[in-house]
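Coordinate analysis (summary)
In case you want the letters, here they are:
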Amino acid sequence: MSTIIEFANSLFQPLINLGAAPLMLIVLTVLALLMKVKFSKALEGGIKLAIALTAMGSIIGTLTGVFAPALENFVKSTGIELSITDVGWAPLATITWGSMYTLYFLLILVVLNIIMLILNKTDTLDVDIFNVWHCSIVGLIVMHYSNNNLFLATILVIIIGIMKFINADIMKPTFNYLLDMPDSNPTTTTHLNFMLNPVIMLFDKIFDKIFPFIDKYDFDATELNKKIGFWGSKFAIGFYLGIFVGILGKQSVKDTFELAFVGGMCLELFSIIGTWFISAVEPLSQGITNFMSKKFEGRMFNIGIDWPFLAARSEMWAAANILAPIMLLWALILPGNKILPLGGIIAIGLTPALLVVTRGKILRMIIIGTLMLPVFLYSGTAIAPFVTTVAKRVGAFPKNLPANAMITHSTLEGPIEKFIAIIVGKAGNGGIKNILIALAVVLIYIILFIWYVKQMNSRNAEYTNEKESV
Amino acid sequence: MIKILAACGAGINSSHQIKTAIEEEMENRGYSVKVDAVVIKDITEELLKDYDIFTPISKPKLGFNISIPVIEAGPILYRMPAMSKPVFDELEKTINQLKKNN
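The structure presented is a predicted model; accordingly, all values stated were derived computationally and were not measured.

Quick look at the overall build of chain B now. In terms of helices and strands, chain B carries three helices and three strands. When the helices and strands of chain B are placed in sequence order, the string is β-α-β-α-β-α. Its C-alpha atoms give chain B a radius of gyration of 13 Å, within 12% of the compact-globule value 13 Å for 102 residues. With the principal axes as the frame, chain B shows a C-alpha extent of 35 × 35 × 20 Å. Counting across all 102 residues of chain B, residues that qualify as buried make up 44%. Restricting to contacts in chain B with at least 6 residues of sequence separation, those with at least 24 account for 51%.

Here the focus is the packing of helix α12 (residues 314–333) of chain A against helix α14 (residues 362–393) of chain A. Residues and elements named next belong to chain A. Where α12 contacts α14, the axes come no closer than 9 Å and their chain directions differ by 40°. The pairing of α12 with α14 is recorded here as oblique in orientation. Like other packed secondary-structure pairs, α12 and α14 cross with a definite hand, here right-handed. Across the interface between the two elements, Glu315, Ala318, Ala319, Ile322, Leu323, Ile326, Met327, Trp330 and Ala331 from α12 touch Ile362, Met365, Ile366, Gly369, Thr370, Leu373, Pro374 and Leu377 from α14.

Bringing the interface of chain B and chain A into the picture now. Each partner contributes to the interface: chain B provides 25 residues, whereas chain A provides 32 residues. Considering every element that reaches the side of chain B that touches chain A, the biggest residue donor is helix α1 (residues 14–28) of chain B, with three residues. A per-class count over the side of chain B that touches chain A returns 11 nonpolar, nine polar and five charged.

This part takes up the packing of helix α8 (residues 197–210) of chain A against helix α13 (residues 351–358) of chain A. All names here are of chain A. The interhelical angle for the contact between α8 and α13, taken along N-to-C directions, is 50°, at an axis separation of 9 Å. The orientation of α8 relative to α13 falls into the category oblique. Every pair of crossing elements has a handedness; the one defined by α8 and α13 is right-handed. Contacts from Asn197, Ile200, Met201 and Asp204 in α8 reach Ala353, Leu354, Val356, Val357 and Thr358 in α13. Residues of the contact of α8 with α13, tallied by class, amount to six nonpolar, two polar and one charged.

Criteria and cut-off values
Residues numbered from 1 in each chain as written. Chains lettered and ligands numbered in written order. Predicted model: local features only at pLDDT ≥ 70, side-chain atom pairs only at ≥ 80, totals over all residues. Helix = DSSP H or I, 4+ residues; strand = E, 2+ residues; numbered from the N terminus. Rg over C-alpha atoms; globule rule 2.2 N^0.38 Å. Buried ≥ 20, exposed ≤ 12 C-beta atoms within 10 Å, placed from the backbone. Contact = placed C-beta atoms within 7 Å. Axes fitted to C-alpha atoms, helices over the stretch in contact; angles between N-to-C directions. Parallel < 35°, antiparallel > 145°, perpendicular 65-115°, else oblique. Left-handed = near helix turned anticlockwise from the far one by under 90°. Nonpolar A, V, L, I, M, F, W, Y, C, P; charged D, E, K, R; others polar.

Right, dumping it as structure tokens:
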């Protein structure tokens, strides 16, 4: 046995020693070849991922290099401790895809999907391979806190995975309702952001009982979005948040402009580089889809894709636009929050779930969204040390910054799952108290989800009844 | 050259899948097209004027009349040839019509 391990180590250790970007170049190229992609296409994807990883590191370096010192001055002059730079989702996705474990968690979730389809426990075939990184991050957090307990991480990822597939099934009639899709349209999603639905539904029920009159004051979301115009786009956000930090951080006029321009530039670049590694993951996504659809040939199912088919609904953008300044305000007054919202200030990790639960009631979306934002800010603060460590490991973090300079994503999907991952990870180190707390938390999480499934089932029964009575 | 606009939530994932698929398939069918991918929220009436065809995932409410042909490209994201074919066929038909009108 030990000789096998030694042999494997002697084979793989030199590869691992190359660092994340070269390693992933090789791994993704080989994987794409296994998926029968042409060699030149496979290599193109591999090279693009490696360059994306390198580019993300360099943009993170530029952004934190300019913002970290300014934020330090900001802390000094305002007394508000906001020292974590919010880089948004694209860098986190790239960093996570730079870890081999993401491929492992992908395998686990694909196998889980197949098993659930065979056992008829779900009707959703998930082809949204890219977004596996959301579950992978949960697993990686467990490992980070549990001294690399892969077993515990796998268990939590499987639990969340099962719920996500069930959630994709029960949300389907609501998607049809929101987007006027015929029953024959198979679109659904297993995206992690909708795992916040149970909590949002809890609040939505309170509105049903106590403040149903508020829906009368709903306004036209499309009109509002038109008025906001370019002020909600990435470069504009980077620009005026740079000015904001510069002024409150008492920077010179010259430095304030530098913050504004660097902020705008980096937020735009994150998106551009983000598109690079989509094409790197593409062969893998196509290969897995081919394999799965062949396996279940002839069977009708829903197909899980990324959430933006919902982006057609203007309410989610109106809510995101209005929640942005509210989040900035929260960030300034919440004790314990250390994030200055920047890359994640347009909360697309939150508003799709609000849209689904409230079915586009814009005022409910804004009010419940306002109450949810602190959860995101605290979660983003809690995972910042982890994110920074991982970024350093894959070489995507500048070395010359002070030790307390950190990065995170302020509105990362699945904030509750991040807390659970930390708690479960800590339980992995033993101690009866930690284990009991972790068990209790996971139990509450599951019970709340079961309650939510019941609510959604009765909602879906209403849809069916309406159709029958027509 | 036909200019097509794809859109999604961040202008990164879904819209780029649509972009890549359309460019590849239309090239195979002998058409020269260029597809741009943007965040759906950033689309203005002015921006759309620069394009010949709009291919969102599902039909959006933008607050103004869309004066160019709209083809829902959502089925491309299922990654199954049988499901994306109708989208490409419709696209081809529209491109031919646009060419005829010019």
